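Tertiary structure, described
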Amino acid sequence: SDAIAVFDAATHQDLGRIDIFGDEPRNLVASPDGKTVWVVVHRSGNETTILPLEDAPAPPPPVNPNLPAPPQVALIIDSEDPTWTSKHDVVLPDYDLIEIDTATQLVRKNYSAVGTINFGAALRPGTEEIWVANTEARNKVRFVTAVRGHAWDNRVTRVGTGSSAGVTSFDLNPGIDYSTLPNPSALSSSLAQPVALAWNTSGSTLYVAAFGTDRIGVLDATGTVQSFLEIGDTPGTKVDSRHKRGPHGLAMHPTAGLLYVLNRLSNSITAIDTVGSKVLFELGLPDPTPVTIKEGRGFLYDAKLSGNGTFSCASCHVSGDIDGLAWDLGDPTGTMFEAKGSSGRKIDMHPMKGPMTTQTLKGLKGIGALHWRADMPVLQNFNGAFDALMGKTMLSTNDINAMATFVESITYPPNPNRTFDNQLPSQSAKDGEQFFMNVVFSSKSKCVDCHSLGSGTDGRIFTASALLGTQGMKTPQLRNVYKRLSFLKTPAGRKGGFGITHEGDRQDPFDHLSQPGFGPLASNTVNKRNTANFVLAWDTGTAPAVGFQVTVNQASFSAGQADIVALVARAQAGDADLIVKGQIDGASRGFLYDTTRQLFDPDSATGSPKALVDLENLVKAGNAVLTFTGAPLLTGRRLGIDRDADGVLDSDEGVAPYGLGSAGCVGVPSLGAGSEPHIDNASFSLVGQNAPASAFGVLGISTAASSLPLLGITVLIDITKPSTLFFDVFADARGELAVPLPIPDDSTLVGLTVFNQLYWIDSCGPQGLSASQGLKVTVSN
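Below is a summary of the structure that appears in this document.

1. Some words on the overall build of the protein chain
- From N to C terminus, the protein chain includes 14 helices and 42 strands.
- Scaling as 2.2 N^0.38, a compact globule of 781 residues should have a C-alpha radius of gyration of about 28 Å, and the protein chain matches this with 29 Å.
- Dimensions of the protein chain, computed from the C-alpha atoms along their principal axes, are close to 90 × 60 × 55 Å.
- Each of the 781 residues in the protein chain was classed as buried or not, and the buried ones make up 52%.
- Across the protein chain, the fraction of contacts at a sequence separation of at least 24, relative to all contacts at a separation of at least 6, is 60%.
- As displayed, the protein chain has an accessible area near 33100 Å², and 55% of this comes from carbon and sulfur atoms.
- Distance between charge centroids for the protein chain: 5 Å, based on 59 positive and 78 negative side chains.

Shown next, in the form of structure tokens:
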């Protein structure tokens, strides 16, 4: 919704919205005094736009002498280039960083020319400088032969927000010879797709998470790369896309000289000693991601699959979606070829295709041939781009198949323009649906004849003459049109330089339907507006109930009850699976709603199903805190009660808290696990929190549980067992600790269950002691 939501941090009261003139504000940075918040616009563009084909000059002649003259096409231009300003009315303020006064909740200032795709940002300590991680597109460069191996620049940008005003960008790969492909030297040091930043406490060193190349860049305060640190097991030119880490978040320890790295793809945390410039350890987190996704997604994000390690497929298809740009990746050295739609019609295509807007990777399964011109029959046909565009070599058959399987798993989120019960939002949209489905408006055709329900495409390809254009095109899907409205003209200008259609020259469906090719519809304002409103509320295939959550405790139950009832109704209607996660009597539990029996099945084979009223009564009595979530269809079992989909329910394996702890000076101590307790997990650990600072304690481990009142606490392990063990432990200054307990690769350990509890010397506890809840740990495969 291109807005910042404002909440009271203490009461959680919604204080309103601040509209942002930018496409997808995504990151926030606050000043130390809390008076200013800076907003990073994610997909801000680079002031490029499209000059329609009727105004563009003729394209250059092909290099291949056997090619005929190319079709007339549009041209990607700088919106402020005086050569073209008389031929268009596109004004692009290009607001990349937006400064908000927190007292007035008003935009104070806008900053431009930071980057095309902007990611994380950080305030340099002791200054008024905001530094932004970003990539800069080279989409003004024409033809795939000219951008091969160099489509994007990877940068950090310094924005002076006070007396040091000014915007200065720094290339993270300044010494690369882009003319050499492949380039082993560049592959060994490149920093691609910077997504997160962290300064050391003195503001002298900036750390940059290079998501694409599994590296952490180390920069000085002048923006100069001093060194880098490898994350994972792919140093130098080594590539292992199936086990890519994907560093995506950074956190600097305030005093210990430690940098923590959250690795998005491997779902792990790496700790780095910044003084010794070395990786200390990698801690695996519980990760129920299906194997097909783990195996395939690295190929989309791995920049080391390019010839110099500077960009990946996801540089344009950001997070599997779009970059908001158009690119002219035609090939003047290529040859003519045939494209074929789902009807079997074949159309000759010229390789000099002109500008094409980046298409999403969401919802590609089952929509027929791909690309705007249907020139890629299946996803595997994109393998050639690893050579032709990225400047390296094609993937093996197994690897490209793994990537294709992953990409076909990416689906659309719900369309926010639809109602919660997945209906059209207005009478206008409903009238538009009737027109779309039933009215013949041109050439004996209805809209639905080409844009079939579901994806919005029937997969057919149409000739240039049928489209009143210069080249054939496939009917595009309509499920993401609502996301492509940054080209809308407003009094302040446009948020982005490209709209809908393959060239991006139309600002919305209403504008598109005004073209002469739509016959009488082009001049019928009412039908155009109704049809546009229907398309903007197109069902993406994922209902609005998916992702909807409501959390209730004793105090908030009355306010949340209606939302719970609504979620149950949507589950009954088949819109979503309904899961419940939370705490019941101090233990973590999960449930999955069975729509046939109208009962919530528990995450333990020995547990009893519960009716909704049973869960509600637990909450109202103060015995439970529960979160109800609408999950995608067919995912509820894995997300709710069997996280690793192995048939053994969650509370019957892995880690399960039980019993109640005894409070001390800082509340009730807790005990958890750092990762899943499976065999061959060398990084498994028990993690304690909420202990007194620097306290002495004891960790008890037994093969049986108990509930024994002793010395003012409840001992939850069976201390009478001869096999019970006790270990001395110490909390750090924050009252935390981690106890490494590596699990060997020994299949005989599968099913082993142990019960654990922490006890602390605590002056505020009964008889000078406090204790955690119990923790049941079962080793899995």
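2. Some remarks on the state of the cysteines
- What the rule picks out here adds up to 1 disulfide.
- One disulfide bridge connects cysteine 665 with cysteine 764, the sulfur atoms lying 2.0 Å from each other. Taking the sign of the S-S torsion, 90° for the link of cysteine 665 and cysteine 764, the bridge is right-handed. Residue cysteine 665 is located in the loop between β32 (654-658) and β33 (670-673), and its partner cysteine 764 is located in the loop between β40 (753-761) and β41 (769-771); the two are separated by 99 residues in the primary sequence.

3. Topic: empty space enclosed by the protein
- A full pass over the atoms with the stated rule returns 6 cavities of 30 Å³ or more.
- There is about 110 Å³ of room inside the largest cavity.
- In terms of lining, the largest cavity is formed by 17 residues, of which the most central are Ser44, Gly45, Lys495, Gly496 and Gly497.
- In terms of residue class, the lining of the largest cavity is made up of 3 nonpolar, 8 polar and 6 charged.
- Put simply, the second largest cavity is a space of about 60 Å³.
- In terms of lining residues, the second largest cavity is bounded by Asp23, Arg43, Ile322, Gly324, Lys483, Arg484, Ser486, Phe498 and Gly499.
- In terms of residue class, the lining of the second largest cavity is built from 2 nonpolar, 3 polar and 4 charged.

4. Some thoughts on the side chain of glutamate 24
- Tracing the chain through its elements places glutamate 24 in the loop between β2 (14-19) and β3 (25-30).
- Within the structure, glutamate 24 has its side chain in polar contact with the side chain of arginine 26 (distance 2.4 Å).
- If we ignore the near neighbours within four places in the chain, the residues touching glutamate 24 are Asp2, Val40, Val41, His42, Arg43 and Lys483.

5. Quick notes on the sheet that holds strand β4 (residues 36-41)
- An order of β3-β4-β7-β8 is seen for the 4 strands of this open sheet, with the pairing classed as antiparallel. Strands with a single pairing partner mark the edges of an open sheet, and in this sheet they are β3 and β8 (106-112). Each neighbouring strand pair of the sheet contributes to a mean axis angle of 25°, computed without reference to strand direction.
- Inspection of the sheet shows β3 paired to β4 by 5 bridges, in the antiparallel sense. Its bridge partner being in β4, valine 29 is matched across the sheet by tryptophan 38.

6. Thoughts on the packing of aromatic side chains
- Under the definition given, this model contains 15 aromatic pairs.
- Grouping aromatic residues by their ring pairs yields a cluster made of Trp131, Phe170 and Trp199.
- Residue placement shows lysine 244 over the ring face of phenylalanine 211; its charged tip is 5.7 Å from the ring centre.

7. Concerning unusual backbone geometry
- The residue after leucine 181, namely proline 182, is reached through a cis peptide bond having omega -10°.
- Among the secondary structure elements, proline 182 is positioned in the loop between β12 (166-171) and α2 (184-187).
- With a phi close to 55°, glutamine 598 is a non-glycine residue in the positive phi region.
- Mapped onto the secondary structure, glutamine 598 falls in the loop between β29 (587-594) and β30 (599-602).
- Phi at serine 694 is positive, roughly 60°, even though this residue is not glycine.
- Within the fold, serine 694 resides in the loop between β34 (685-689) and β35 (696-702).
- With relative accessibility at 52%, the residue serine 694 sits in the exposed group.

8. So, helix α11 (residues 525-536)
- Its 12 residues give α11 an end-to-end C-alpha distance of 16 Å, which sits within 8% of 16 Å, the value for a rise of 1.5 Å per residue.
- Sitting at the head of α11, asparagine 524 places a side-chain oxygen 3.3 Å from the backbone nitrogen of valine 526.

9. Points about the nonpolar core
- Counting residues in hydrophobic clusters, the biggest one holds 67 residues, and the most contacted among them are Trp152, Ile216, Leu250 and Met403.
- The biggest single contributor to this core is helix α7 (residues 397-407), with 6 residues.
- Val552, Phe591, Val619 and Ala624 belong to the second-largest nonpolar core, a separate cluster that totals 23 residues.

10. Observations regarding the pairing of strand β28 (residues 577-584)
- Here β28 lies mainly inside the structure; 6 of its 8 residues are buried.
- Looking at chain direction, β28 and strand β31 (residues 624-631) are connected through 8 bridges and run antiparallel. What sits directly across from isoleucine 584, in β31, is alanine 624.
- Where β28 meets β29, 6 bridges bridge the pair, whose relative direction is antiparallel. By the bridge assignment, glycine 582 is partnered in β29 with arginine 589.
- Joining the antiparallel neighbours β28 and β29 is a turn of 2 residues, in which aspartate 585 adopts a positive phi near 50°.

11. Observations regarding the environment of isoleucine 4
- Summarising the element assignment, isoleucine 4 is placed in strand β1 (residues 3-7).
- On the basis of relative accessible area, isoleucine 4 is assigned to the buried category, the value being 12%.
- In the structure, isoleucine 4 is positioned 101 residues away from glutamine 105 in sequence and 9.9 Å away in space, judged by C-alpha atoms.
- With near-sequence residues (within four places) excluded, isoleucine 4 lies in contact with Gly16, Arg17, Ile18, Ile20, Pro25, Leu28, Val39 and Ile100.

12. What to know about the packing of helix α12 (residues 557-572) against helix α13 (residues 612-620)
- Their axes nearest at 12 Å, the elements α12 and α13 cross at an angle of 160°. With respect to their mutual orientation, α12 and α13 come out roughly antiparallel. Seen along the crossing, α12 lies across α13 with a hand that is right-handed. Contacts between α12 and α13 pair Phe557, Gln561, Ile564 and Val568 from the former with Leu612, Glu616, Val619 and Lys620 from the latter.
- Taken together, the residues of the contact of α12 with α13 sort by class into 5 nonpolar, 1 polar and 2 charged.

Cut-offs and rules
Residues numbered from 1 in each chain as written. Predicted model: local features only at pLDDT ≥ 70, side-chain atom pairs only at ≥ 80, totals over all residues. Heavy atoms only, no water. Helix = DSSP H or I, 4+ residues; strand = E, 2+ residues; numbered from the N terminus. Rg over C-alpha atoms; globule rule 2.2 N^0.38 Å. Buried < 20%, exposed > 50% of the residue type's maximum accessible area, 1.4 Å probe, protein only. Contact = heavy atoms within 4.5 Å. Areas by Shrake-Rupley, 256 points an atom, 1.4 Å probe, with all protein chains shown as cover. Lys, Arg positive; Asp, Glu negative; His and termini not counted. Charge placed at Lys NZ, Arg CZ, Asp CG, Glu CD. Disulfide = S-S within 2.5 Å. 1 Å grid on protein atoms, 1.4 Å probe; cavity = no way out; pocket = protein on both sides within 12 Å on 5 of 7 lines; lining within 4 Å. Points joined across faces, edges and corners; volume = space filled by probe spheres on them. Nonpolar A, V, L, I, M, F, W, Y, C, P; charged D, E, K, R; others polar. Polar contact = N/O pair within 3.5 Å; in protein donor to acceptor, adjacent residues only side chain to side chain. Pairing = 2+ DSSP bridges. Axes fitted to C-alpha atoms, helices over the stretch in contact; angles between N-to-C directions. Phe/Tyr/Trp six-rings, centres within 6.5 Å; stacked < 30°, edge-to-face > 60°. Lys NZ or Arg CZ within 6 Å of the ring centre and 35° of its normal. Expected span 1.5 Å × (residues − 1). Core = buried A, V, L, I, M, F, W, Y, C linked by side-chain atoms within 4.5 Å. Parallel < 35°, antiparallel > 145°, perpendicular 65-115°, else oblique. Left-handed = near helix turned anticlockwise from the far one by under 90°.

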